Amino acid sequence: MEKESRKRDNDQRSSQEGGSGDGMPRFNFMWVYILIGVGLLALQVTKFSGASKNATWSDFERWARKSHVQRLVVVNDKEAYVYIVTDSLTASKEHEGIKPTKKTLLSADQPQYVMNIGKVEVLEPKVTKLNESLQKEKKPVITVEYDQRVNWGAVLVTYGLPLLLFIGLWILIIRRVGGGAGGPGGQIFNIGKSKATLFDNTAKVNITFADVAGLDEAKEEVMEVVDFLKNPKKYTTLGGKIPKGVLLVGPPGTGKTLLAKAVAGEANAPFFSISGSDFVEMFVGVGASRVRDLFRQAREKAPCIIFIDEIDAIGRARGRGAVQGGNDERENTLNQLLVEMDGFPTDKGVIIMAATNRPDILDQALMRPGRFDRQIGIDRPDLKGREQIFQVHMKNIKVSPEVTASTLSEMTPGFVGADIANVCNEAALIAARRDKTAVGLDDFNYALDKVIGGLEKKNKIISPEEKRIIAYHEAGHAICGWYLEHAHPLVKVTIVPRGLAALGYAQYLPKEQYITRKEKLLDDICMTLGGRAAESVVFDKISTGAQSDLDHITRLSYDMIVNYGLSEKVGNVSYFSMLGDSFNRPFSEQTAYLIDQEVKNMIDLEYTRAKKLLRDKRMQLDALASALLEKEVLHRADLEAIIGKRPFVDPKPGESATIPDVEHIHGGDEE
Ligand code: ADP
Ligand code: ZN
């Protein structure tokens with residue numbers, strides 16, 4: 001939806017920006033072709049409706065005897081053209097209204113009469129017979145001429161028109177690609193221009209932080225950017241470094257675009273909005289030149305914000321999945337973006353904000369200092385967040401008093417801001433259709449059903465039963481983290497479904513490996529298994545929800561044995577530098593078997609340990625799960641309030657296992 005409106009903005013803009021071309025109606029090539037086509041058709045028609053009249057053999061015989069006939073031409077063995085002597089045309093009453101022969105542009109001399117002859121074999125004897133009698137009367141005889149004529153009009157219509165259509169179509173395509181503005185011919189040169197929509201003094205961004213509900217942490221982080229844009233001198237005189245790029249990471253519809261717009265609105269700065277996919281075109285070099293153009297425009301308007309939505313469209317890691325250099329164009333575009341980001345100093349006041357929900361596939365080069373060095377995770381809203389978003393969107397519609405934001409937010413687990421905006425709009429539409437004066441709860445219910453129906457197709461809605469399972473699963477992780485000495489306790493437990501990235505992403509950032517003791521790794525495995533263990537302990541059933549957990553521990557346990565030599569049976573070996581090619585294993589079948597056995601043993605052991613721990617702490621587990629069901633999000637302090645202080649000192653950051661599994665990803669977004 002947002003996209004469409006953006007496109008609409010774009011169109012409006014480009015029509016405004018018509019600039020010099022304003023007032024002068026745009027010349028449309030299509031009309032020329034239509035005119036030519038009509039002209040050709042007209043030619044065809046005149047040929048038949050025109051001067052030539054039909055004649056019969058007896059007419060012809062009569063004229064021949066009167067010596068009126070100048071020529072008789074058999075055309076294409078089908079018709080006979082009769083040309084009358086010019087003097088007779090005027091002298092004789094017989095030919096009244098018939099004009100003298102004339103030559104037209106596309107056909108030969110126009111005959112005065114056309115005779116349908118059927119077959120030449122029939123005509124010839126008749127002419128011979130006529131000539132015999134003409135000779136007797138001492139009158140000029142008739143010689144039959146034969147002619148094969150091409151009807152140029154018809155040829156043009158059959159061959160020329162398709163050609164013209166083809167050319168027209170081609171020009172249309174080129175214009176599309178060129179993206180609108182400019183006169184004819186200008187289009188083709190506009191192809192390298194950026195398609196960014198500019199919101200500035202003329203098309204102001206009137207969105208402020210008040211329009212963005214929730215997202216308090218994110219807002220706080222971007223406040224700095226706002227402050228800088230308002231007051232760049234203050235920062236630059238002190239030599240402070242402002243981030244050049246801010247990457248907003250989160251699932252679609254959570255308000256990333258909205259937040260970026262609000263930053264521009266708050267700072268009263270121009271705002272360029274473009275989608276990553278707008279850079280990518282089928283022509284080589286276009287993407288890079290669009291990037292250049294965008295940054296040139298931005299520098300002119302500085303201080304300002306460039307917002308690149310869906311940056312993954314160009315920011316994908318280079319060289320990955322490149323089939324025979326098929327991605328060259330995208331790589332060029334990305335390189336140009338990197339060059340531009342490096343190319344201007346921070347104090348120029350151009351800040352780039354970008355949004356993605358797939359930070360994992362972004363090229364590492366984008367994350368380097370001086371580029372998108374700041375990442376802000378934007379999560380799906382929790383209960384409180386949803387309530388605030390409902391409040392924002394309910395301001396614009398007339399709701400009856402029985403509808404409150406808090407009841408609505410309880411009914412919409414898993415909804416993102418865009419879904420909520422959608423629900424409010426639908427409800428208002430339905431109420432209007434029912435001729436109501438205010439939007440009631442039943443309207444909202446109807447709208448909810450409709451929106452949920454749409455979301456269910458995308459598999460994004462959780463049933464109450466699933467919610468219970470998820471609550472226990474997450475509580476299982478949390479309990480294990482709390483009561484295992486070497487595990488890294490969770491800082492936040494949530495059952496709000498989350499996409500691939502969001503806050504969890506920050507945890508993947510440190511690429512360095514720390515020296516980790518074996519018991520830490522084992523505790524990490526145990527804790528990661530805690531989710532599935534809880535499901536098993538409580539429901540005696542397990543679900544698919546643990547896929548990413550299992551993936552993580554499988555990788556980790558193979559790592560421990562194959563790379564870090566942490567298994568007694570396999571021994572102090574590391575195949576780290578020798579692996580990498582599964583066809584060429586550096587170890588024997590037997591060792592491979594042993595490794596598999598060891599991995600299985602280790603995981604089985606930890607799974608049993610997790611289940612035992614959870615049985616021992618069943619009371620705490622139940623308490624956490626029900627608190628989660630009620631509040632959706634629990635922080636460290638909530639945990640302490642519910643199950644008491646953690647009996648161990650927390651491991652220092654970096655001392656925990658390889659990848660702290662703070663966020664568990666369940667039912668991720670596929671988009
Ligand atoms: P994203 O860019 O993350 O895909 P958008 O910023 O385009 O999402 O959000 C789409 C719409 O959803 C917004 O225009 C707004 O109406 C609504 N919305 C999303 N998040 C919020 C929020 N936190 N507060 C208010 N409205 C929101
Ligand atoms: Zn889990």
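Definitions and cut-offs
Residues numbered from 1 in each chain as written. Chains lettered and ligands numbered in written order. Predicted model: local features only at pLDDT ≥ 70, side-chain atom pairs only at ≥ 80, totals over all residues. Heavy atoms only, no water. Helix = DSSP H or I, 4+ residues; strand = E, 2+ residues; numbered from the N terminus. Buried < 20%, exposed > 50% of the residue type's maximum accessible area, 1.4 Å probe, protein only. Areas by Shrake-Rupley, 256 points an atom, 1.4 Å probe, with all protein chains shown as cover. Expected span 1.5 Å × (residues − 1). Arc of directions from axis to C-beta. Axes fitted to C-alpha atoms, helices over the stretch in contact; angles between N-to-C directions. Left-handed = near helix turned anticlockwise from the far one by under 90°. Contact = heavy atoms within 4.5 Å. Nonpolar A, V, L, I, M, F, W, Y, C, P; charged D, E, K, R; others polar. Patch = residues over 30% accessible without salt bridge, like charges linked within 9 Å, V, L, I, M, F, W, Y side chains within 5 Å. Salt bridge = Lys/Arg side-chain N within 4 Å of Asp/Glu carboxyl O. Pairing = 2+ DSSP bridges. Polar contact = N/O pair within 3.5 Å; in protein donor to acceptor, adjacent residues only side chain to side chain. Near = heavy atom within 4 Å. Domains from an automatic or database assignment. Phe/Tyr/Trp six-rings, centres within 6.5 Å; stacked < 30°, edge-to-face > 60°. Lys NZ or Arg CZ within 6 Å of the ring centre and 35° of its normal. Parallel < 35°, antiparallel > 145°, perpendicular 65-115°, else oblique. Disulfide = S-S within 2.5 Å. Lys, Arg positive; Asp, Glu negative; His and termini not counted. Charge placed at Lys NZ, Arg CZ, Asp CG, Glu CD. Core = buried A, V, L, I, M, F, W, Y, C linked by side-chain atoms within 4.5 Å.

## Description of the overall build of the protein
Consideration 1: The helix and strand inventory of the protein stands at 25 helices and 13 strands.
Consideration 2: The burial tally for the protein puts 45% of its 671 residues in the buried class.
Consideration 3: As displayed, the protein offers around 35400 Å² of accessible surface, 55% of which is attributable to carbon and sulfur atoms.

## Notes on helix α24 (residues 618–631)
Consideration 1: Under the 1.5 Å per step criterion, the end-to-end length of α24 is 20 Å for 14 residues, consistent within 8% with the ideal 20 Å.
Consideration 2: Taken residue by residue, α24 has Leu621, Leu624, Ala625, Ala627 and Leu628 as its buried positions. Down the axis of α24, the buried side of the element spans an arc of 165°, and every buried residue falls inside it. In α24, the exposed positions angled more than 90 degrees off the buried face are occupied by Met619 and Glu630.
Consideration 3: Remark: Glu632 follows α24 within two positions and exhibits a positive phi of approximately 75°.

## Things to note about the packing of helix α8 (residues 216–230) against helix α10 (residues 256–267)
Consideration 1: Interaxial distance between α8 and α10 falls to 9 Å at its minimum, and their mutual angle equals 35°. With respect to the hand of their crossing, α8 and α10 are arranged in right-handed fashion. Facing α8, whose interface residues are Ala218, Lys219, Val222, Val225, Val226, Leu229 and Lys230, α10 presents Leu259, Val263, Glu266 and Ala267.
Consideration 2: By residue class, the composition of the contact of α8 with α10 is 8 nonpolar, no polar and 3 charged.

## Observations regarding a nonpolar patch on the surface
Consideration 1: On the surface, Leu163, Phe166 and Ile167 cluster together into a nonpolar patch covering about 310 Å² of accessible area.
Consideration 2: Structurally, the position occupied by Ile167 is in helix α6 (residues 152–178).

## Details of the sheet that holds strand β1 (residues 53–55)
Two pairing modes exist for strands in a sheet, parallel and antiparallel, and in both the strands are linked by backbone hydrogen bonds.
Consideration 1: Across the sheet, 5 strands lie side by side as β1-β4-β3-β2-β5; this open sheet has mixed pairing. Two strands in the sheet have a free side with no partner beyond their single neighbour: β1 and β5 (144–147). Each neighbouring strand pair of the sheet contributes to a mean axis angle of 30°, computed without reference to strand direction.
Consideration 2: In terms of strand pairing, strand β2 (residues 69–75) meets strand β3 (residues 79–84) through 6 bridges, oriented antiparallel. Residue Leu72 lies in a different strand from β3, and its bridge partner there is Val82.
Consideration 3: Contacting β1, β2, β3 and β4 (113–116), helix α3 (residues 57–65) crosses the sheet at an angle of about 145° to β2.

## Observations regarding the side chain of Asn131
Consideration 1: Among the secondary structure elements, Asn131 is positioned in helix α5 (residues 120–136).
Consideration 2: A polar contact of 2.8 Å, which involves the side chain of Asn131, links it to the backbone oxygen of Ile142.
Consideration 3: Those residues in contact with Asn131 that lie beyond four places of it in its chain are Val141 and Ile142.

## Section: the site of ligand 1
Consideration 1: Around ligand 1 sit 17 residues, and of these Ala213, Gly253, Lys256, Thr257 and His393 come closest.
Consideration 2: A distance of 3.3 Å separates an oxygen atom of ligand 1 from a polar backbone atom of Thr254.
Consideration 3: Contact distances for ligand 1 include 2.8 Å between an oxygen atom and a side-chain N or O atom of Lys256.
Consideration 4: Taking 560 Å² as the accessible area of ligand 1 by itself, protein coverage stands at 87%.
Consideration 5: At the level of secondary structure, the elements contributing two or more residues to the shell around ligand 1 comprise α10, α15 (383–394) and α17 (417–433).
Consideration 6: By residue class, the composition of the shell around ligand 1 is 8 nonpolar, 6 polar and 3 charged.
Consideration 7: Here the shell around ligand 1 spans two domains, since at least three of its residues come from each of domain 2 (192–320 + 327–377) and domain 3 (383–453).

## A few points about the pattern of salt bridges
Consideration 1: The tally for this structure, following the rule as stated, stands at 24 salt bridges.
Consideration 2: For Asp604, the salt bridge is made with Lys600, and the minimal N-O distance between the two is 2.8 Å. Residue Asp604 and its partner Lys600 are both found in helix α23 (residues 589–616); the two are separated by 4 residues, about one turn of the helix.
Consideration 3: You can call Lys600 partly exposed: its relative accessible area is 48%.
Consideration 4: A salt bridge links Asp622 to Arg618; the nearest nitrogen and oxygen atoms lie 3.1 Å apart. Remark: Arg618 and Asp622 occur in helix α24; sequence separation between them is 4 residues, near one turn of the helix.
Consideration 5: Judged by its relative accessible area of 26%, Asp622 falls in the partly exposed class.
Consideration 6: Residues participating in the shared-partner salt-bridge network are Glu61, Arg65, Glu137 and Lys139.

## As for the packing of aromatic side chains
Consideration 1: Counted according to the given criterion, the structure contains 5 aromatic pairs.
Consideration 2: With 5.3 Å between their ring centres and 35° between their planes, Trp57 and Phe60 make a pair best called tilted. Taken together, the residues span about one helical turn, with Trp57 and Phe60 both in helix α3 at a distance of 3 residues.
Consideration 3: Taken together, a centroid distance of 4.7 Å and an interplanar angle of 70° make the contact between Tyr575 and Phe587 edge-to-face. Placement of the pair is Tyr575 in the loop between α22 (547–563) and α23 and Phe587 in the loop between α22 and α23, with a sequence separation of 12 residues. This pair shows no difference in class: Tyr575 is buried, exactly as Phe587 is.
Consideration 4: For Arg434, the ring lying beneath its charged end belongs to Tyr446, and the centroid distance is 5.2 Å.
Consideration 5: Its end group placed over the ring of Tyr483, Lys617 keeps NZ or CZ at 4.3 Å from the ring centre.

## Thoughts on the packing of helix α19 (residues 464–483) against α23
When two helices pack together, their arrangement is captured by the angle between the axes and the distance separating the axes.
Consideration 1: The interhelical angle for the contact between α19 and α23, taken along N-to-C directions, is 90°, at an axis separation of 10 Å. Judged on the interaxial angle alone, α23 and α19 are roughly perpendicular. Contacts between α19 and α23 involve Gly476, Ile479, Cys480 and Tyr483 on the former and, on the latter, Ala610, Leu613 and Leu614.
Consideration 2: For the contact of α19 with α23, the residue count by class is 6 nonpolar, 1 polar and no charged.

## Here's the deal with the state of the cysteines
Consideration 1: Counted under the stated rule, the structure contains 0 disulfides.
Consideration 2: Cys526 carries a free sulfur, and the closest cysteine sulfur to it, the one in Cys480, is 4.9 Å from it.

## With respect to a negative patch on the surface
Consideration 1: Side chains of Asp216, Glu217, Glu220 and Glu221 sit close together on the surface and give a patch of like negative charge.
Consideration 2: By the element assignment, Glu217 lies in helix α8.
Consideration 3: Classification of Glu217 as exposed rests on a relative accessible area of 62%.

## Quick word on the nonpolar core
Consideration 1: The biggest cluster of nonpolar side chains holds 48 residues, and the ones touching the most others in it are Leu614, Leu621 and Leu624.
Consideration 2: Every element with two or more residues in this core is listed here: α19, α21 (518–539), α22, α23, α24 and α25 (636–643).
Consideration 3: Looking at which element gives the most residues to this core, the answer is α21, with 10 residues.
Consideration 4: Other than its neighbours up to four places away in sequence, Leu621 contacts Tyr472, Ala475, Gly476, Ile479, Ala534, Val538 and Leu614.

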